[in-house]
Amino acid sequence: MISKPNRIAVILTSLLAMIALSLTGLISADPTVKKEVTFNKDVAPIFYKNCAECHRPNDIAPMSLMSYKDARPWARSIREKVAGREMPPWSPDPKYGEFLNDHRLAQKDVDTILAWVDQGAREGDPKELGTPPESVSTTGWQLGKPDAEFDIGKEFTVKPGNPDTIENFIVPTNFKEDKWVTSAEILPGNRKVVHHVIAFIQTPEMIAQFQKGEGRARAMMESKVFYREGTLTKVKADAPIIDDGCGDPSGGSAFQQPSTSEGGDAFGLLLAGYAPGKGVDIFPPGTAKKIPAGSMIVFQMHYSSYGGKFEGEQGDRTRLGLHFSSKPPERSLNTVGIQNHFFKILPGAANHEVTACYTFDGNVRLVSFMPHMHLRGKDMKYEALYPDGRRETLLWVPKFSFNWQAMYYLKKPVFLPKGAKVIITAHFDNSDKNKYNPDPQKAIRWGDPTYEEMMIGWMEYALDSGAGTDKVQPAATGQTSQKR
Ligand code: HEC
């Protein structure tokens, strides 16, 4: 019970608080409309922070917003896209997970931009324009000068009229000692034709294996599942059909393997990636990816004329910049692509479901997710199934867009105990309602080309086992099956 005088005090303070609240409400009812909003003082800092990544000169967005001169003609459109929350693009459902690279605008920034347009989109005092961050520069590295820099080794020419070219370039690191990578950045040489890039590490053991023809890549090619068509890999038409990978002992995958020095993907261990809207790779504090001495770097380049039309031949010389930690990290960072290779999407199917599963056999902390599908990809969900039966949604991208192959870095890593399973559920739209569908008449299976499909839930995770350095062992073996 609250005694009487105290009760009065409580009532009084709440009254006072209410008055104070309504007063501040009055004063700040529409702060941005009262004060004069200008590009130089108020809007430029927001554009630098939330739009620069794509709206820099010669980047993936159609126009730069980095100067008043560039941004002013777009004021009306900016108002519309910002008010409608279409820009900056952000696909995950905010109900699940919190992500570091969530570039959505705060309400006060939305208000500032709208007020700027409504007040006539003025430039303001040039003295009030801050210096743009280095990331705004056209050609520069977003992460600053790298500790080591590589390129694909030559100028590659992309010919017009060729919708998909996948080329692998293998370059030596010449590293005499092991390196620990804390961040990596891929700088496309020609954004008109570079659709996405994946950089892999080929360790000396792998190089030796490949040379002896014992590598997993070779095994994969020689298996009954895949075949090569030029530079592209596709699943064979008569490969078994498994849409529900989780209901199959293989998990749906012919080739699903954590990216550690013990395993690795077809070309090695996943190091870094570039895709429109993805951003750079900054590994969480205390973690790093290891490049053993003597390793090679494989650039898997996906050139495509989808999106960026071009005339004549186009040259490209893509670069990779790496930043190192001076000492081994507390935890090494691994990658697994949870994938289903055996789905078949029938012609016209509007909501075809495909699942893939992966079970960890050690304690891990998940740090990032990157859904990957092609033009028929509709949505993707990541769920954790804990050993106690609890099922939790980790990421839900309800409207997947091929143009936004974004990577989502968790604000707080998610702990998964040994035995936890990750369930990836994807839907594909192969109907004529999907305006990006290249051919609704065709049954679709796994394949590298954009006009075929993929289904991969990429994840990066740190092993939870103390201060392992080069002794770190893969926590996950997954369920792979080559014996079909
Ligand atoms: C991750 C990349 C990315 C970010 C971040 C981003 N944009 Fe965009 N924006 C694009 C791309 C690509 C397009 C063109 C294709 C589209 O509309 O999806 C676009 C289109 C637009 C358009 C429409 C242009 C037209 O044709 O009318 C406006 C306006 C716009 N963006 C404003 C912004 C603003 C303002 C911000 C920051 C608050 C922002 N964008 C952040 C990539 C981005």
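Note that the coordinates shown come from a computational prediction; the quantities given were computed from them, not determined experimentally.

(A) Quick look at the overall build of the protein chain. From N to C terminus, the protein chain includes eight helices and 21 strands. Looking at the 484 residues of the protein chain, the share that counts as buried comes to 51%. Considering only contacts in the protein chain between residues 6 or more positions apart, those separated by 24 or more positions represent 82%. Approximately 22800 Å² of the protein chain is accessible, and the part contributed by carbon and sulfur atoms is 54%.

(B) Fine view of the sheet that holds strand 5 (residues 194-202). In space, the four strands of this open sheet follow the order 3-11-5-8, with antiparallel pairing throughout. Edge positions in the open sheet fall to strand 3 (164-172) and strand 8 (269-274), since each of these has one partner strand only. Going across the sheet, the axis of each strand differs from the next one's by a mean of 20 degrees, ignoring polarity. Where strand 3 lies against strand 11 (residues 296-304), nine bridges are found, and the strand directions are antiparallel. Its bridge partner being in strand 11, Asn168 is matched across the sheet by Gln300.

(C) Here's a closer look at the pairing of strand 18 (residues 391-397). For strand 17 (residues 377-385) and strand 18, the ladder comprises six bridges, and the chain directions are antiparallel. If you follow Ala384 over to strand 18, its bridge partner there is Glu392. Connecting strand 17 to the antiparallel partner strand 18 that follows it, the hairpin turn spans five residues, and Gly389 within it adopts a positive phi of roughly 95 degrees.

(D) The arrangement of the sheet that holds strand 17 in detail. Here four strands make up an open sheet; going across it, the order is 15-20-17-18 and the pairing antiparallel. Strands at the two margins of the open sheet, each flanked by one partner only, are strand 15 (352-359) and strand 18. The sheet shows a mean angle of 20 degrees between the axes of neighbouring strands, taken without regard to direction. Both strand 17 and strand 20 (residues 421-428) contribute to a ladder of eight bridges, which runs antiparallel. Bridging across to strand 20, Gly377 finds its partner in Phe428.

(E) Highlighting the site of the ligand. Every one of the 21 residues lining the ligand counts as a neighbour, but Cys51, Cys54, His55, Ser77 and Met87 are closest to it. Separating a nitrogen atom of the ligand from a side-chain N or O atom of His55 is a distance of 2.7 Å. Residue Ser77 places a side-chain N or O atom 2.8 Å away from an oxygen atom belonging to the ligand. At the level of elements, helix 3 (39-50) and helix 5 (75-83) are the ones that each hand at least two residues to the shell around the ligand. With four residues, helix 5 is the single largest residue contributor to the shell around the ligand.

(F) Fine view of the coordination of the iron atom of the ligand. Distances from the iron atom of the ligand to its protein donors, namely His55 (NE2) and Met87 (SD), fall within the range 2.0 to 2.3 Å. Given six donor atoms and angles of 84 to 179 degrees at the metal, the environment of the iron atom of the ligand is assigned as octahedral. With His55 in the loop between helix 3 and helix 4 (68-71) and Met87 in the loop between helix 5 and helix 6 (107-118), this residue pair connects regions lying 32 residues apart in the sequence.

(G) Summary view of the pairing of strand 10 (residues 287-291). By the criterion of burial, strand 10 is predominantly enclosed, with four of the five residues buried. Pairing of strand 4 (residues 179-187) with strand 10 involves three bridges; the strand directions are antiparallel. Across the sheet, Trp180 pairs through a bridge with Lys290, a residue of strand 10. Where strand 10 lies against strand 14 (residues 331-339), two bridges are found, and the strand directions are parallel. Across the sheet, residue Thr287 finds its bridge partner in strand 14, namely Arg331.

(H) Expanded view of the packing of aromatic side chains. Inspection of the entire model under this criterion finds 16 aromatic pairs. Ring centres of Phe39 and Phe47 lie 6.0 Å apart, and the angle between their planes is 70 degrees; this geometry places the pair in the edge-to-face category. The buried category is assigned to Phe39, whose relative accessible area is 1%. Between Phe156 and Phe169, the ring centres sit 5.6 Å apart and the planes meet at 75 degrees, which makes this aromatic pair edge-to-face. Taken together, the residues span a long stretch of sequence, with Phe156 in strand 2 (residues 156-158) and Phe169 in strand 3 at a distance of 13 residues.

(I) Broad picture of the nonpolar core. Within the largest apolar cluster, 90 residues are counted, with the highest numbers of intra-cluster contacts made by Leu271, Phe299, Leu320, Leu322, Phe360, Leu366 and Leu416. Those residues in contact with Leu320 that lie beyond four places of it in its chain are Trp141, Ala148, Glu149, Phe150, Ala184, Glu185, Ile186, Ala199, Leu271, Ala272, Ile297 and Phe299. Core analysis: the second largest hydrophobic core is formed by 25 residues, Val43, Ile113, Leu114 and Ala115 among them.

(J) Region of interest: the pattern of salt bridges. Per the counting criterion, the structure on display carries 18 salt bridges. Across the pair Asp93 and Lys95 runs a salt bridge, and its minimum N-O distance is 3.4 Å. For Asp93, a relative accessible area of 14% corresponds to the buried category. Taking the relative accessible area as the measure of exposure, Lys95 reaches 62% and is therefore exposed. Where Arg391 meets Glu383, a salt bridge forms, and the shortest distance between an N and an O atom there is 3.0 Å. Given a relative accessible area of 11%, Glu383 falls into the buried group. If you follow the salt bridges from partner to partner, you end up with Lys35, Lys41 and Asp42 in one network.

Reading the values: rules and limits
- Numbering of residues begins from 1 in every chain and follows the order in which that chain's sequence is written.
- Local features in this predicted model are restricted to residues whose pLDDT is 70 or higher, and side-chain atom pairs enter the listing and the counts only when it is 80 or higher, whereas totals over whole chains, interfaces and linings include all residues.
- Excluding hydrogens and water, the side-chain values take into account all heavy atoms of the structure.
- Runs of E in the DSSP output that reach at least two residues are strands. Runs of H or I that reach at least four are helices, and both are numbered from the N terminus.
- Burial classes: relative accessible area under 20% of the type maximum marks a residue as buried, over 50% as exposed, and values in between as partly exposed (1.4 Å probe, protein chains only).
- Any pair of residues with heavy atoms lying within 4.5 Å of one another is described as a contacting pair.
- The Shrake-Rupley method, run with a 1.4 Å probe, gives the accessible areas here. Residue values count only the displayed protein chains as cover.
- Pairing between two strands requires that DSSP report at least two bridges joining them.
- A fitted line through C-alpha atoms serves as each axis, taken over the contacting stretch for helices, and the angle formed by two N-to-C directions is quoted from 0 to 180°.
- Nearness is defined per residue: one heavy atom within 4 Å of the molecule or strand is enough.
- Polar contact is defined as a pair of N or O atoms within 3.5 Å, subject to the rule that within protein one atom must be able to donate a hydrogen and the other to accept it, and that residues adjacent in sequence are counted only when both atoms are side-chain atoms.
- For Na, K and Ca the donor cutoff is 3.2 Å, while for all other metals N, O and S atoms must lie within 2.8 Å; water is not among the atoms, so some sites may look incomplete.
- Every angle between 85 and 135 degrees makes a four-donor site tetrahedral, while opposite donors more than 155 degrees apart, with all other angles between 65 and 115, make a four-donor site square planar and a six-donor site octahedral; other sites are irregular.
- Pairing of aromatic rings covers Phe, Tyr and Trp, the last counted by its six-membered ring, and requires centre-to-centre distances within 6.5 Å; plane angles under 30 degrees mean stacked, over 60 mean edge-to-face, and any other angle means tilted.
- Take the buried residues of types Ala, Val, Leu, Ile, Met, Phe, Trp, Tyr and Cys, join any two whose side-chain atoms come within 4.5 Å, and each joined set is a nonpolar core.
- Criterion for a salt bridge: a side-chain nitrogen of Lys or Arg within 4 Å of a carboxyl oxygen of Asp or Glu.

Any link to function would need more than the numbers given here.
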